[in-house]
Each structure stands twice: as C-alpha cells, then as structure tokens.
Amino acid sequence: MQQEMGVHCTLLGRFSIENLENDPKRVQYYTSFRDYEHFMLFFNCLGPAVNELNYQCLSLTPKDQLFMCLMKLRQNKEDLELSFLFEVSESTVSKIVITWINFMYFQLKEINIWPSRDIVTDYMPDDFKYKFATTRVILDATETPIQKPSHVDAQSVTWSSYKHKNTIKTMIGCTPRGTVSYVSDAYGGSASDRQIIEKSELLQLNLNLFEQKDSIMADRGIMVQDLFAAQDVKVNTPTMLKGKSQLEPEEVVRDRRVASKRIHIERVIGLAKTFKILKNELPSGKLILGSRIIFVCFSIANFRKCIVNENA
C-alpha cells in the first residue's frame, strides 16, 4: 500500500492549474471559475504586472500563484495543506497569498464597477423596470466572522449584536440585473448600516454617483432617506409600522414587491460567500486584509454569468 501511495503521489506531482486544463469541475471547485479558459480570462485581465510583483516565487509560475491564492479564498485551505500541494514552505504560501490579495485588490479597483444610469436601465429586467424603474442600486450589509481580538476595545468594536459574535461588516450594492456595483470598506461589527453609509463614497457629491430622481432599494433597517435627500434620491425600503397595528393593503402589496426585488442582493451576497474565507473566522493575522479580501471576492463574483434573468 505504501508503494502504491508513493507511485500515486509521484504521478500527481506538484499541484498546478495546467493539470486541470481538461477538468472544469475541479477548476470551479478550487477557483469559482467554470473552467480553465475562464480562469485564464481572469488571469489575463490582471495584466502583464503579474510578472513583476514585489514578492517573486521562482518555483511557481504566476498562474499557479494565482491558483494557490484562489484556493485559499475559495476553500479556505490551511497554509500547511497548500504548502504540501504546491511543494513550497508555509512561509512562502503566506507571502504569495498576501501578495496576490493586495495585487488583485489594486488591479480590480481600477475597474469602475458603478454603471451609468443608461447602462442600468438598458440591462434592467422587464418586471423590475415596470415596478421600480428608477432603481440605481440595491443595498444590503453583510458580515464576516473574525477571530476574537485579544484587545478589549477591539472586541467591543467588532462585536455584532445581530450575529452574536465578532465580525467585520461591509455594505454591498448590486444593480437590478445582479452585478456587484458597490463594495464599501469593512468596519467593526458594532457599526450600524447608517454609520457605514455616512462614511461611504455614496454620499460624496463630487463623485456624482447618482442622478436626480434615482432611487435606492434597501432593507427596512437601512434608514438613510435623509442622507440622500440632498441628491434628490429616494430610498425604497419596506414600510415601517410606526405605531400602527398593521399595514394598509396597498402598503402590503408594495412591500411584497420590494421584497421580491431585494432578493437579488441576497443572491449576490450568497454567491460571493461561496468563497469560504468569508464564512469562516478570519484569523487575526489576516484581519488587516479584511476589506481587501472581501472586495476581491465580490469583484470576482462579477466574472460569471448574470444570475438574474430578463423577466425577474
């Protein structure tokens, strides 16, 4: 049996994306891309700078370094396991992962993911256009669990009363068609949705992200109508009872319509969270990269087929 295992390991050799060129199932499992060609499309989008990174690992090609980093994000592999698979040291794995997360963050940041009013309208599903034609973005917050900080103040800042654990919190936006169009910086889990939006680019008038009469769709808890009033932008949220025992029939109908469309952002967040690094506790050593890891995972989610059909 030992001899058979030795032969098996020798045949497999060092893990490499090149060995999966005809194995789309494993490519998708490890990277989220549907096949080798899809992986290469993303790799090529990163540009020639892949060959000129600050940290150079001569034993692995840039493609395999990206492959390793995506395995870390997608399957949350331990550095030790990756070191076995790629036949490098644990410290090399750590350096490669950190280097590529930073590199992908800065490269993907160069892509303007906030579409114009015309583009949003042109690609808006028919039923969405009929019911909420002015919608520019659908917003929702998502939380990523983190290892409990050792410092008491950090524990307090990151404690989420909603998740009942220490987290970092990010505001995510998508178009009515289901494309990620906004990713905020990450804040401690104690931050409210309003506090995150107050610090976001969404309110910076000089960026001209919104046009007059645009609208935002959001959950009931995101009470920011007053913040966007200066831009003449409406915020559509489910109706608050405000002391009433029940909603009026027309309010119930409207709330159902909002809920049926707001589900698009929930799907987008769910898709991004197929990257298991966002579902497991982020180690203290990676916390400084928290915002960048989240941004990269959600940006990669845009490199896939649309999840909302024409009539949604």
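The sections below set out a description of the structure shown in this document. (Residues numbered from 1 in each chain as written. Predicted model: local features only at pLDDT ≥ 70, side-chain atom pairs only at ≥ 80, totals over all residues. Heavy atoms only, no water.)

Turning our attention to the overall build of the protein chain. Tallying secondary structure elements over the protein chain gives 13 helices and 7 strands in all. Residue pairs in contact within the protein chain that sit at least 24 positions apart in sequence constitute 62% of those at least 6 positions apart. Accessible area for the protein chain stands at about 16500 Å²; split by element, carbon and sulfur atoms hold 52% of it. (Helix = DSSP H or I, 4+ residues; strand = E, 2+ residues; numbered from the N terminus. Contact = heavy atoms within 4.5 Å. Areas by Shrake-Rupley, 256 points an atom, 1.4 Å probe, with all protein chains shown as cover.)

The next point concerns empty space enclosed by the protein. In this structure the tally under the stated criterion is 1 cavity of 30 Å³ or more. Lining the largest cavity are Y105, K109, V183, S184, D185, S291 and F295. Secondary structure elements with two or more residues in the lining of the largest cavity: α6 (90-109) and α13 (290-300). Counted by class, the lining of the largest cavity contains 3 nonpolar, 2 polar and 2 charged residues. (1 Å grid on protein atoms, 1.4 Å probe; cavity = no way out; pocket = protein on both sides within 12 Å on 5 of 7 lines; lining within 4 Å. Points joined across faces, edges and corners; volume = space filled by probe spheres on them. Nonpolar A, V, L, I, M, F, W, Y, C, P; charged D, E, K, R; others polar.)

Looking now at helix α2 (residues 24-31). For α2, the set of buried residues is V27, Y30 and T31. Down the axis of α2, the sector holding all buried residues measures 80 degrees, keeping them to one side. Lining the buried residues of α2 we find α3 (36-45) and α4 (62-75). (Buried < 20%, exposed > 50% of the residue type's maximum accessible area, 1.4 Å probe, protein only. Arc of directions from axis to C-beta.)

A separate point is the layout of surface pockets. Computed from the structure, the largest pocket encloses a volume of approximately 440 Å³. Together, 21 residues line the largest pocket, and A141, E143, Y162, K169 and D193 are the ones closest to its centre. With 4 residues, strand β1 (residues 135-145) is the largest single contributor of residues to the lining of the largest pocket. Split into classes, the residues belonging to the lining of the largest pocket amount to 6 nonpolar, 6 polar and 9 charged. Space inside the second largest pocket adds up to approximately 290 Å³. Lining the second largest pocket are 13 residues, and of these N112, I113, W114, Y182 and E201 lie nearest its centre. Of all the secondary-structure elements, those providing two or more residues to the lining of the second largest pocket are α6 and β4 (180-183). Broken down by element, the lining of the second largest pocket gets its largest block of residues, 3 residues, from β4. When grouped by side-chain class, the residues that make up the lining of the second largest pocket number 9 nonpolar, 2 polar and 2 charged.

Quick look at the pairing of β4 now. Alignment of strand β3 (residues 165-174) against β4, held across 3 bridges, turns out to be antiparallel. Counted as the bridge partner of C174 is V180 from β4. With antiparallel pairing between neighbouring strands as the criterion, β3 and β4 make up a hairpin whose turn holds 5 residues, including G178 at a positive phi of roughly 100 degrees. (Pairing = 2+ DSSP bridges.)

With their axes 7 Å apart at the nearest point, α2 and α4 run at an angle of 70 degrees to one another. Judged on the interaxial angle alone, α4 and α2 are roughly perpendicular. Packed against α2, whose contacting residues are Q28, Y29, Y30 and T31, the element α4 presents F67, L70, M71, R74 and Q75 at the interface. In the contact of α2 with α4, the residues fall into 5 nonpolar, 3 polar and 1 charged. (Axes fitted to C-alpha atoms, helices over the stretch in contact; angles between N-to-C directions. Parallel < 35°, antiparallel > 145°, perpendicular 65-115°, else oblique.)

Turning our attention to the nonpolar core. Within the largest apolar cluster, 66 residues are counted, with the highest numbers of intra-cluster contacts made by L73, W100 and M104. Once you skip the residues sitting within four places of it in the chain, W100 turns out to touch F43, L46, V50, L53, P62, Q65, L66 and C69. If you look at the next biggest cluster of nonpolar residues, it comprises 20 residues, including I196, L202, I222 and V233. (Core = buried A, V, L, I, M, F, W, Y, C linked by side-chain atoms within 4.5 Å.)

The next subject is the packing of aromatic side chains. Counted according to the given criterion, the structure contains 16 aromatic pairs. Ring geometry for Y29 and Y30: centres 5.0 Å apart, planes at 75 degrees, overall edge-to-face. We classify Y30 as buried; its relative accessible area is 12%. With a centroid separation of 5.3 Å and an interplanar angle of 80 degrees, the aromatic rings of W114 and F210 are classed as edge-to-face. Of this pair, W114 sits in the loop between α6 and α7 (117-122) while F210 sits in the loop between α10 (193-198) and β6 (215-217); the two residues are 96 residues apart in sequence, bridging distant segments of the chain. Grouping residues by exposure puts W114 and F210 together as buried. (Phe/Tyr/Trp six-rings, centres within 6.5 Å; stacked < 30°, edge-to-face > 60°.)

Our focus in this paragraph is the side chain of D64. Checked against the element boundaries, D64 lands in helix α4. Apart from residues no more than four positions distant in its own chain, D64 is found in contact with F15, S16, I17, E18 and F86.

Bringing unusual backbone geometry into the picture now. Residues other than glycine seldom take positive phi values, yet S32 does so here, at roughly 85 degrees. By secondary structure assignment, the location of S32 is in the loop between α2 and α3.

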